[in-house]
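Each chain is listed here by its residues.
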Amino acid sequence: MTLAIQRVRSKWAKTKVLNRSSDLRQYVPLTKRFNRETLRSMLEEYEMVYVKPDSGTFGKGVIRVEKTSEGYRYQIQKDARTVATFDGLYEGLQRYTGKKGYLIQKGVYLLKHQKRRFDIRVMVQKNLQNKWETTAILGRLSAPHNVVTNYHSGGTMMTFEKLMSEHLSASEISAYSSRLKKLGTAIGRQLSTAYPNLKELGADVAIDTKMHPWVLEVNTKPHPYIYKILADKSVYRKVRKYSLAYGGIKGKRSSR
Ligand SMILES: Nc1ncnc2c1ncn2[C@@H]1O[C@H](COP(=O)(O)OP(=O)(O)O)[C@@H](O)[C@H]1O
Ligand SMILES: [Mg+2]
């Protein structure tokens, strides 16, 4: 019998494990559990923060909060509101955060492509030697005016090279890609210290305007099929091969 692949839903739990690594900490935006006090202190520290469900997916319930000259502005999907006071902001956010665990995270100003924000999905898998290997990198472009890049929230998949070509030269893009691959395997090794049966992960990496990479979250059930869109078919073939080997996706003869 093979051990089931480990899944970890709580972003808070995974963030704590990443922060135990002195090498990785510099890539993790400051994250706290959401409450009135952390909302206040984070907005004293940063102009912009993200408030999001601890166990969310697909960009659902993710809120961007900004300080403005008139008070505060908060936006969920494409729906933005402004409020004059901190109490008004906290009350407004509580309509979303009241029921379940929420986190608050330093906001990253993402790079843009044609005025739309983008971030990067880095796919990391256990290879046939049982070592972490970064197998794919794909860009995700938000729908116009949206505050999340997720495909299920109207985002569009696009190659890393195309999205970065406005920001870096071809040789810089290839160096940056190697850097992201190393970051991916480092994340895999670090999360394995707490979750030894993890086989695959998808890190959501934001690149800020100073080209610093930030790990916004790590998914432990990443979608393997999105890499089919890449012109380089060897990428998806490898993703699939590794996933079949550890049972992430099942072969044709399986019953499911
Ligand atoms: N700290 C942040 N700064 C900037 N953008 C963020 C931040 N956190 C989340 N986002 C945006 O929201 C999207 C969804 O957030 P994420 O933490 O990945 O949750 P989900 O599990 O819903 O995908 C991200 O891909 C990114 O586009
Ligand atoms: Mg995500």
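Sequence positions are assigned chain by chain, starting from 1 and proceeding in written order. For this description, chains carry letters from A and ligands carry numbers from 1, given in the order in which they are written. Residues qualify for local features only when their pLDDT is at least 70, as the model is predicted, and side-chain atom pairs are given and counted only at 80 or more; totals for whole chains, interfaces and linings, by contrast, use all residues. The side-chain values count all of the structure's non-hydrogen atoms but skip hydrogen atoms and water molecules.

Chemist: How would you sum up helix α1 (residues 11-19)? Please name residues and give values.
Modeler: Looking only at α1, the buried set comprises Lys-11, Trp-12, Lys-14, Thr-15, Val-17 and Leu-18. On its buried face, α1 is in contact with β1 (31-33), β2 (48-53), β6 (102-106), α5 (170-194) and β12 (213-219). Regarding α1, its N-cap is Ser-10, as a side-chain oxygen of that residue lies 3.3 Å from the backbone nitrogen of Trp-12 further along. Burial classes follow relative accessibility: with a 1.4 Å probe on protein chains only, a residue under 20% of its type's maximum area counts as buried, one over 50% as exposed, and anything between as partly exposed. Only DSSP runs of H or I with at least four residues qualify as helices, and only runs of E with at least two residues qualify as strands; both kinds are numbered from the N terminus onward. It only takes one pair of heavy atoms within 4.5 Å for two residues to be counted as in contact. Counted as a polar contact is a pair of N or O atoms within 3.5 Å, where, for protein atoms, one must be capable of donating a hydrogen and the other of accepting one, and residues adjacent in sequence contribute only when both atoms are in side chains.

Chemist: Provide a residue-level description of the site of ligand 1, including the pertinent values.
Modeler: For ligand 1, the set of nearby residues contains 21 residues, the closest of which are Lys-11, Lys-52, Gly-59, Asp-119 and Glu-217. In this structure, a nitrogen atom belonging to ligand 1 sits 2.9 Å away from a side-chain N or O atom of Gln-105. With respect to ligand 1, the backbone of Val-108 contributes an N or O atom lying 2.9 Å from a nitrogen atom. Each accessible area is a Shrake-Rupley estimate made with a 1.4 Å probe; only the visible protein chains count as cover when residues are assessed. Compared with its free state, where it exposes 540 Å², ligand 1 has 99% of that area covered by protein. At the level of secondary structure, the elements contributing two or more residues to the shell around ligand 1 comprise β2, β6 and β12. Whether a residue is near a molecule or strand depends on its heavy atoms: if one lies within 4 Å, it is near.

Chemist: Any chance you could break down the coordination of the magnesium ion (ligand 2) for me, citing the residues and the numbers?
Modeler: Sites may look incomplete, because water is not among the atoms used; the donor set itself consists of N, O and S atoms within 2.8 Å of the metal (3.2 Å for Na, K and Ca). Protein ligation of the magnesium ion (ligand 2) involves Asp-204 (OD) and Glu-217 (OE), the donor distances falling in the range 2.0 Å. Of this pair, Asp-204 sits in strand β11 (residues 200-207) while Glu-217 sits in strand β12; the two residues are 13 residues apart in sequence, bridging distant segments of the chain. Among the residues examined, Glu-217 registers a relative accessible area of 13% and is labelled buried.

Chemist: An account of the domain arrangement of the protein is needed here, citing residue identities and associated values.
Modeler: According to the domain assignment, the protein contains domain 1 (31-106) and domain 2 (110-246). On a C-alpha basis, the centroid separation for the pair domain 1 and domain 2 is 26 Å. Taken residue by residue, the interface counts 11 residues in domain 1 and 13 residues in domain 2. Accessible area that two parts lose when put together, evaluated with a 1.4 Å probe and summed over both, is termed the buried area. Here domain 1 meets domain 2 over a buried area of about 1000 Å², counting both sides, of which 49% is carbon and sulfur. Among the residues domain 1 hides against domain 2, the three largest losses belong to Phe-58, Gln-77 and Lys-78. Together they make up 44% of the total. Note on definitions: salt bridges are taken to be side-chain nitrogens of Lys or Arg within 4 Å of carboxyl oxygens of Asp or Glu. For the interface between domain 1 and domain 2, the tally reads 0 salt bridges. For the pair domain 1 and domain 2, the interface holds 7 residue pairs in polar contact (both at pLDDT 80 or more). For the side of domain 1 that touches domain 2, the secondary-structure elements that each account for two or more residues are β2 and β6. Polar here means any residue outside two lists: the nonpolar Ala, Val, Leu, Ile, Met, Phe, Trp, Tyr, Cys and Pro, and the charged Asp, Glu, Lys and Arg; Gly therefore counts as polar. Its residues assigned to classes, the side of domain 1 that touches domain 2 shows 3 nonpolar, 4 polar and 4 charged. All domain edges in this entry derive from an automatic or database-based domain assignment.

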